[in-house]
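Residue-level structure breakdown
Residue strings, one per chain:
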Amino acid sequence: MNFLRGVMGGQSAGPQPSGAETVQKLCDRVASSTLLEDRRDAVRALKALSKKYRLEVGSQAMEHLVNVLQTDRSDSEIIGYALDTLCNLISNEVEEEEPADESEEENVQKASSEDLAGQFAEIYIKQQENLTLLLSLLEEFDFHVRWPAVKLLTALLKNQGPQVQQIILVSPMGVSKMMDLLADSREVIRNDGLLLLQQLTKANAAIQKIVAFENAFERLLDIITEEGMSDGGIVVEDCLLLLLNLMKNNSSNQNFFKEGSYIQRTKPWFEVAEDNSGWSAQKVTNLHLMLQLVRVLVSPVNPPGATSSCQKSAFQCGLLQQLCTILMATGVPADILTETINTVSEVIRGSQVNQDYFASVNAPSNPPRPAIVVLLMSMVNERQPFVLRCAVLYCFQCFLYKNQKGQAEIVATLLPATIDANSISAGQLLCGGLFSTDSLSNWCAAVALAHALQDNSIQKEQLLRVQLATSLGNPPVSLLQQCTNILSQGDKINRRGSKEQTRVGLLMLLSTWMTNCPIAVTHFLHNQTNVPFLTAQISENLGEEEQLVQGLCALLLGICIYYNENSLENYTKEKLKQLIEKRIGKEIFIEKLAYISKHELYSRAGQKPQPSYNSPEQMLFDHDFTKLVKELEVLITKAIQKSSEDEKKEEEVKKSLEQHDSIVNQYKELIREQDLQLNELKKQVTALTNQNEHSQTTITQQASQIQQLRDQYNLLKIQGKPLDSQHHIHNEAAQINGIQPKDTEEIGRLQEEIEELKKQHNVLEGQLAEKELEINKLRAAQSTGNLAEVGTEIAGDQPTDQHKLVGTAEALVRDNDGDSAAMKTAQLENRLSVLDDENKMLKDQLKMLTEEKKSLDQQLASTNSTIAILETDKRKLQQEVTESKKEQDDLLVLLADQDQKIFGFKNRLKELGEPVEDEDDLESADQEDDDDDDDDPN
């Protein structure tokens, strides 16, 4: 302890040791002391010196500090001192001991601090075991160990991010240990854990996916809710920054966020009070990040399917409605309002359902006005902030993107039949902005109107009907004519046409309008001053600032040539091309046309749909117009370079192709009709074949029944029995004997036949009772000798069913004198016994059929139960296969990343001169060993 007092500045005689000497003595003490207290005091002293003598401590003590982390793991206090010391060495924070007056000195100090931090971080991670050791310390619950470990790992990621990320990826459970920090009950560790994960997930898709699958979305959203959402503090901001890291440019995590129903949980973030005054700076920052998070999910650069799915979810959960509420609210800060407009723009872009809803939103004004009208009023108002006007233009473009219904509604507000003088419409605002004195309003209105015509030839023709009243006493002129008048007579109309931004906007509008619309081209050429104006503009030798206007004039003239229908004799395709060749020259014309794509702002506008400019003067190009220029430049160049003979040949070829196509279409129609007829005939043949098969089956069954009846008839005829009374019974018996129950339909048929047999059984029992009654009457008559009377009575009572017995009775009367009554009675009893036997046989067959029906019902129930069990097993197996495929895909992604990292490490080892055995080398070595074994005779 006396030694430490001397080192730390105790008063003693003699010269004081330098900082390097002091650090050296402390390092020796850490390395050689056997007592834990001495080592702990030495490490504490190094921590105290690590900021002032950073270079000396880092160069001499780092190895000893790492040894302390390895050997003194049981003592949390010395581990905490060692981690704090390392953190001071690797952190970029500069200790402010003096007032910061000299900026240059501060910059030099900061640069040197960053250099030292980077060098020390590189030295620390040179041994991968050091980082693995630090990850293991994250599992310690002791505050004095876990917190400095988090700060040290964050500093390493800031200085050596990619290298540390690769080591963490190959470390077992490395990311999981960091995710556990979010569950720590101590807020300081949880908050610093958020900062650590922010650094960890920067620009590394593999780690971003792992963090997302470690349930990061659920935990972060819970923290945001606990901290008060948009009203929360810096912790909410850190959570939102981490969410942005996880989902930006990561379609897998975006899909995981949507599939996990987390979009629905973002809706409460945007609930704002009626009184929006007094927003804190932190709330503005939080809400701004929340809007950015929504924009990441619906960004136009995402895959189309993913974007449309998120847009659908945003509408279904009410998120779009909530954003529109903020859009129309009062007192919202300007930057939040601007970002909300941009967010709503991308939520509705290309989604018909969302676009229709946005068209129905009204501002809370008196009288209510559509939100589109209110936004356009801000766009053409030159007193509004520039970024807000750009956002409104982007919103209007997104509303009209692939929305022909919305385009028709906008154009309809300009047509004479739909104009309402008592209200302001979108069309009136666009026309007002198009011809105002503010060049930015001119440009925005022209671009907005061009989007109302994009890829919609019907609305291009409708817009030709728009008439404008220029001044009192003068006849109205068309909108197309007014645009060309401003271009060609700019000097006369307050020199508005001379402003580059205004002229560029009008030329873009006219080019979009006349593209693929020959009627608009004809209207444009009908004005005799337009073509001379364009040729004069193109042929003049103007400065570089006018080259863009010349290029756009060349584009417009090229459109007049390419989409010309030769309806005007003075301005046919050939005459316009001759005019260009004489007045301008083909080469010069093509060169002027190429000025557009060479402009410095052209490529910038083509990068993304949202207009993003630093100043109003830079707004010259629209994103969709750059795509149109790419298409038209090639077509116009080819059209200008073609000669008249080539065009005639092309027209002839085109006519021949059209004729050929017409012939082919005729044959196609004929083949289509024949195909329909053939299908109808095939259906008829199939129906007739089925009918024939059914008829053949019926005939076969009937022939079989007839044959059975014939056999029974012959048999009864041989036996000498009466046939008429037995015909019906034998016929039914033959039908019952021929039934083979095989399926559920046959079971139903059998049930119907059983019911019929029951009815027949009842009839037969009645007949048997009547026969017994007749037998009793005959026996009574035998005793009285009045058989003739009895026969007559029976004949009168049963003339139809018992005609055979009546005939027998009459025969007995006629033969009464030769035969005895006892013999006739015996014959009747024999016949009754035969009927009793047949009745018994029918009852036995009925019983057998009933038993067979019960057996079939049991089999059917068993089969249905088996099918239900199999269907349940099938669904379970399909679900298990789907889950296995998903897990396999995730494992394949991780294995691919692992292989790539291993390959990078091997290459780095090779560059460093270390021997590395590749798998190919090992396989070749094994092959050589096998060959040697084969050559060995033993």
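Everything below is about the structure printed above this text.
The structure reproduced in this document is the subject of the present report. (Residues numbered from 1 in each chain as written. Predicted model: local features only at pLDDT ≥ 70, side-chain atom pairs only at ≥ 80, totals over all residues. Heavy atoms only, no water.)

Scanning the protein chain from terminus to terminus reveals 42 helices and 4 strands. By residue count, 42% of the 938 residues in the protein chain fall in the buried class. Across the protein chain, every contact between residues at least 6 apart in sequence was considered, and the portion connecting residues at least 24 apart equals 70%. Element-wise, carbon and sulfur atoms account for 50% of the exposed surface of the protein chain, whose accessible area totals about 51300 Å². (Helix = DSSP H or I, 4+ residues; strand = E, 2+ residues; numbered from the N terminus. Buried < 20%, exposed > 50% of the residue type's maximum accessible area, 1.4 Å probe, protein only. Contact = heavy atoms within 4.5 Å. Areas by Shrake-Rupley, 256 points an atom, 1.4 Å probe, with all protein chains shown as cover.)

It is worth spelling out the packing of aromatic side chains at this point. If you walk through the whole model with that rule in mind, you get 10 aromatic pairs. Arranged with centres 5.1 Å apart and planes meeting at 90°, the rings of Phe217 and Phe257 form a pair that is edge-to-face. Remark: Phe257 occurs in helix α15 (residues 251-259) and Phe217 occurs in helix α13 (residues 216-226); sequence separation between them is 40 residues. Each member of the pair, Phe217 as well as Phe257, is classed as buried. Centre to centre, the rings of Tyr602 and Phe621 are 5.6 Å apart; their planes meet at 90°, and the pair counts as edge-to-face. Of this pair, Tyr602 sits in helix α34 (residues 600-605) while Phe621 sits in the loop between α34 and α35 (623-641), and the two are 19 residues apart along the sequence. For Tyr602, a relative accessible area of 7% puts it in the buried group. Three or more aromatic residues link up through ring pairs in this structure, and these residues are Phe213, Phe217, Phe256, Phe257 and Tyr262. (Phe/Tyr/Trp six-rings, centres within 6.5 Å; stacked < 30°, edge-to-face > 60°.)

This part takes up unusual backbone geometry. As a rule of thumb, non-glycine residues mostly have phi less than zero, and peptide bonds are mostly trans rather than cis. For the peptide bond that leads from Asn366 to Pro367, omega is 0°, which places it in the cis range. Its place among the elements puts Pro367 in the loop between β1 (362-363) and β2 (369-370). The backbone phi angle of Asn215 is positive, close to 65°, even though this residue is not glycine. For Asn215, the position within the fold is in the loop between α12 (205-213) and α13. Despite not being glycine, Asp455 has its phi angle at roughly 55°, a positive value. Tracing the chain through its elements places Asp455 in the loop between α25 (439-453) and α26 (457-463).

Our focus in this paragraph is the pattern of salt bridges. Scanning all chains against the criterion turns up 22 salt bridges. Here Asp356 makes a salt bridge to Lys405, at a shortest N to O gap of 4.0 Å. Separated by 49 residues along the polypeptide, Asp356 in helix α20 (residues 352-360) and Lys405 in helix α23 (residues 404-412) bring together distant segments of the chain. The exposure class assigned to Asp356 is partly exposed, which follows from its relative accessible area of 32%. A network of salt bridges, in which partner residues are shared, links Arg40, Asp41, Arg44, Asp75 and Glu77. (Salt bridge = Lys/Arg side-chain N within 4 Å of Asp/Glu carboxyl O.)

This part takes up empty space enclosed by the protein. Once rolled over the atoms, a probe with the size of a water molecule shows which space is left empty. For the coordinates displayed, the defined rule picks out 10 cavities of 30 Å³ or more. When its volume is computed, the largest cavity comes out at roughly 90 Å³. As for the largest cavity, its lining consists of 14 residues, and the residues nearest its centre are Ala605, Gln610, Pro611, Ser612 and Tyr613. Where the lining of the largest cavity is concerned, the elements lending two or more residues are α22 (386-400) and α34. Taken together, the residues of the lining of the largest cavity sort by class into 7 nonpolar, 4 polar and 3 charged. (1 Å grid on protein atoms, 1.4 Å probe; cavity = no way out; pocket = protein on both sides within 12 Å on 5 of 7 lines; lining within 4 Å. Points joined across faces, edges and corners; volume = space filled by probe spheres on them. Nonpolar A, V, L, I, M, F, W, Y, C, P; charged D, E, K, R; others polar.)

Before going further, it helps to spend a moment on the state of the cysteines. Summed over the entire model, instances satisfying the criterion amount to 0 disulfides. Here Cys390 stays unpaired: no disulfide links it, and the sulfur of Cys444, its closest cysteine neighbor, is 6.3 Å away. We classify Cys390 as buried; its relative accessible area is 7%. (Disulfide = S-S within 2.5 Å.)

Let's shift gears to a nonpolar patch on the surface. The grouping of Ile663, Tyr667, Leu670 and Ile671 at the surface amounts to a nonpolar patch, some 410 Å² of accessible area in total. Position of Leu670 relative to the elements: it lies in helix α36 (residues 644-719). Owing to a relative accessible area of 39%, Leu670 belongs among the partly exposed residues under this scheme. (Patch = residues over 30% accessible without salt bridge, like charges linked within 9 Å, V, L, I, M, F, W, Y side chains within 5 Å.)

Quick look at the environment of Ile336 now. Relative to the assigned elements, Ile336 resides in helix α19 (residues 334-348). For the pair Ile336 and Leu291, spaced 45 residues apart in sequence, the C-alpha to C-alpha distance is 8.6 Å.

Burial within helix α7 (residues 128-137) is extensive, with 7 of its 10 residues counted as buried. All of the buried residues in α7 are Asn130, Leu131, Leu133, Leu134, Leu135, Ser136 and Leu137.

Here the focus is the side chain of Arg39. Note that Arg39 resides in helix α3 (residues 36-49). A relative accessible area of 14% places Arg39 in the buried class. With near-sequence residues (within four places) excluded, Arg39 lies in contact with Arg29, Val30, Ser33, Thr34, Asp72 and Ile78.

So, about the environment of Glu409. For Glu409, the location among the structural elements is in helix α23. Classification of Glu409 as partly exposed rests on a relative accessible area of 40%. In this structure the C-alpha to C-alpha distance between Glu409 and Ala426, which are 17 residues apart in sequence, comes to 9.2 Å.

Bear in mind that shape data such as this cannot, by itself, settle questions of function.
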